[in-house]
Amino acid sequence: MKRFDLAMVRNRDLILGEGSLDESIEKICMNISENSSDWSFVHVSDLHVGSPRSYRFQPAWNENWQTARQQIQEIAPELVLIGGDLTRDGATHTGELNLVLEDLAQLGPECLIIPGNHEVGNKWSPDSSVAINSTYLRHYHNVFGASEWSHVRGEGINRVRFTGIDAFKLGSGLAEETELRDWLDQLEANSSCSNHVWMIHPALFADHFAEPDFDRTVDRVPWYFGLNRADRFYLWDVMKRTGATHVISGHIHCRRHVVVDGVHLHLAPATAFPQWGDRWPDGDDRLGFLEFSVSAGKITSRFVPLERTSDLQGYGPGGNPAVEGRDYSVAQEQPAFEPVRGA
Ligand SMILES: [Fe+2]
Ligand SMILES: [Fe+2]
């Protein structure tokens, strides 16, 4: 039973119990007011903050994050969810992990963080040298701590549970996948919360919930953006069992809102750069973040677009190049690389 329902039961007992009706109504109002502090949280994802000491660097993405950061501070939410891909290449340049952690520590509001593939490696496949692996996972853990967590924030009917995981562990076959599944299997519902918000970096699916698995050699991008069916259905069972009301994912860099079986699936926008803007009629690849308001036990959301988009020019390849063959010559230039503004 939800907290709100419990409050209603207690209030009915008050009405039926001792005291005048006026006293009872006053107590009810006090009870509701104590339990209904409105509050807000922000979800921001795919920051891709990089460093000019790397084989590739896009200072525009750093500047976009600083714009988002300032807008978040102006909103002053109680909580900020960071949906992964904090860095450009934190998996292989662990210094980027420390830099972004220091940045977030100065943000102001509390941050709850999950990693993306740029911190812990790509969706597992046998033909990728930069796929998720235990070394990347250990580096992330050493800086950010556990990548699976479940916390409750807010009070009364506005108590919200937040659960975050590194969903790309699923299907990896790593020892860390077994540990994650053990953790998920022991996760229980929390009836004191009016909402349960899940955070994952990849989307549950590319286009629709029941879609078949994409062939990673033919349709690599949609394969790469979502979870395989077996992992999707396993995770969905855990989400449903634990009362999921919202699932927020990143990774695709295109905003979309889909409701499946009453659960709000929010595909989050990126702050760094857009992707897949022409994939769906209801997709929106504008850069920005999501603000969620919690009131009367309900969560509403709004898109906050970046106030400006950087035109700083960078260097280096996109995609997911192998570690071998990366060219650091620009990073080693003296004097050091100085970004310039584009046309
Ligand atoms: Fe990303
Ligand atoms: Fe990603």
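Worth saying up front: this structure is predicted, and the values here are computed from it rather than measured. (Residues numbered from 1 in each chain as written. Chains lettered and ligands numbered in written order. Predicted model: local features only at pLDDT ≥ 70, side-chain atom pairs only at ≥ 80, totals over all residues.)

Student: Please explain the overall build of the protein chain as it appears in this structure.
Tutor: Helix and strand content of the protein chain: nine helices and 11 strands. Burial statistics for the protein chain: of 343 residues in total, 38% are counted as buried. Taking as baseline every contact in the protein chain between residues at least 6 positions apart, the subset at least 24 positions apart corresponds to 70%. (Helix = DSSP H or I, 4+ residues; strand = E, 2+ residues; numbered from the N terminus. Buried ≥ 20, exposed ≤ 12 C-beta atoms within 10 Å, placed from the backbone. Contact = placed C-beta atoms within 7 Å.)

Student: Would you explain the sheet that holds strand S3 (residues 110-113) in this entry?
Tutor: Across a sheet, strands are paired by hydrogen bonds formed along the backbone, either parallel or antiparallel in direction. Taken in spatial order, the five strands line up as S3-S2-S1-S10-S11 in an open sheet, and their pairing is mixed. The open sheet has two free edges, formed respectively by S3 and strand S11 (298-305), since each of these has just one partner strand. Put simply, the sheet's adjacent strands are angled 25° from each other on average, direction ignored. Strand contacts of helix H3 (residues 59-75): strand S1 (39-44), strand S2 (79-82), strand S10 (288-295) and S11, with the helix running at about 175° to S1, the strand carrying the most contacts. (Pairing = 2+ DSSP bridges. Axes fitted to C-alpha atoms, helices over the stretch in contact; angles between N-to-C directions.)

Student: What should I look at first to understand the packing of helix H4 (residues 94-105) against helix H6 (residues 134-144) in this one?
Tutor: Any two packed helices are characterised by the angle at which their axes cross and by the distance between the axes. Put simply, H4 and H6 touch, their axes get as near as 10 Å, and they point 25° apart. Taken together, the axis directions place H4 and H6 in an arrangement best described as roughly parallel. Every pair of crossing elements has a handedness; the one defined by H4 and H6 is right-handed. Facing H4, whose interface residues are Thr 94, Leu 97, Asn 98 and Leu 101, H6 presents His 139, Tyr 140, Val 143 and Phe 144. (Parallel < 35°, antiparallel > 145°, perpendicular 65-115°, else oblique. Left-handed = near helix turned anticlockwise from the far one by under 90°.)

Student: Can you walk me through the confidence of the model for the protein chain in this structure?
Tutor: Close inspection of predicted coordinates is inappropriate in any region flagged by low pLDDT. Within the protein chain, residue pLDDT values average 90, and 90% of them lie at 70 or more. In this model, residues 1-19 is a region of pLDDT below 50 whose contacts with residues beyond four sequence positions or in other chains number 23 contacts. Across residues 27-33, confidence stays below pLDDT 50; counting only partners more than four residues off in sequence or on other chains, it has five contacts. (pLDDT = per-residue confidence, 0-100.)

Student: Looking at this structure, I do not really get the sheet that holds strand S7 (residues 246-249). What am I missing?
Tutor: Read across the open sheet, the six strands follow the order S4-S5-S6-S7-S9-S8; overall the sheet is mixed. Edge positions in the open sheet fall to strand S4 (149-153) and strand S8 (256-260), since each of these has one partner strand only. The sheet shows a mean angle of 20° between the axes of neighbouring strands, taken without regard to direction.

Student: What is the right way to read H3 from this model?
Tutor: Residues lying three or four places apart along an α-helix face the same way, a consequence of the helix completing one turn every 3.6 residues. Between its first and last C-alpha atoms H3 spans 25 Å; for 17 residues at 1.5 Å apiece the expected length is 24 Å, and the two agree. Every buried residue of H3 is listed here: Pro 59, Ala 60, Trp 61, Asn 62, Asn 64, Trp 65, Ala 68, Arg 69 and Ile 72. Packed against the buried residues of H3 are S1, S2 and S10. The positive-phi residue at the C-terminal boundary of H3 is Ala 76, with phi of around 55°. (Expected span 1.5 Å × (residues − 1).)

Student: Explanation requested: unusual backbone geometry in the structure shown.
Tutor: Excluding glycine, a negative phi dihedral is what most residues carry, and trans is how most peptide bonds are arranged. The backbone phi angle of Trp 276 is positive, close to 60°, even though this residue is not glycine. With respect to the helices and strands, the residue Trp 276 is situated in the loop between strand S9 (263-267) and S10. With a phi angle near 50°, Ala 296 is a residue other than glycine that sits in the positive phi range. With respect to the helices and strands, the residue Ala 296 is situated in the loop between S10 and S11.

Student: Could you clarify how one ought to interpret the pairing of S7 in this entry?
Tutor: Residues in a regular strand project their side chains so that they alternate between the two faces of the sheet. The alternating pattern of S7 places His 246 and Ile 248 and Val 247 and Ser 249 on opposite faces, both of which are buried. Both S7 and S9 contribute to a ladder of four bridges, which runs parallel. Opposite Ser 249, over in S9, you have Leu 267 as the bridge partner.

Student: Teacher, can you tell me more about H6 here?
Tutor: Among the residues of H6, those classed as buried are Tyr 136, Leu 137, Tyr 140 and Phe 144. The buried residues of H6 occupy an angular sector of 100° when the element is viewed end-on, so they sit on one face. For H6, exposure combined with an orientation more than 90 degrees from the buried face picks out Thr 135, Arg 138 and Asn 142. Contacts from the buried residues of H6 go to H4, S3, helix H5 (117-120) and helix H7 (175-185). (Arc of directions from axis to C-beta.)

Student: I would appreciate a short explanation of the environment of Asn 62 in the present structure.
Tutor: By the secondary structure assignment, Asn 62 is in helix H3. When the C-alpha positions of Asn 62 and His 48 are compared, they lie 7.3 Å apart, and in sequence the two are 14 residues distant.

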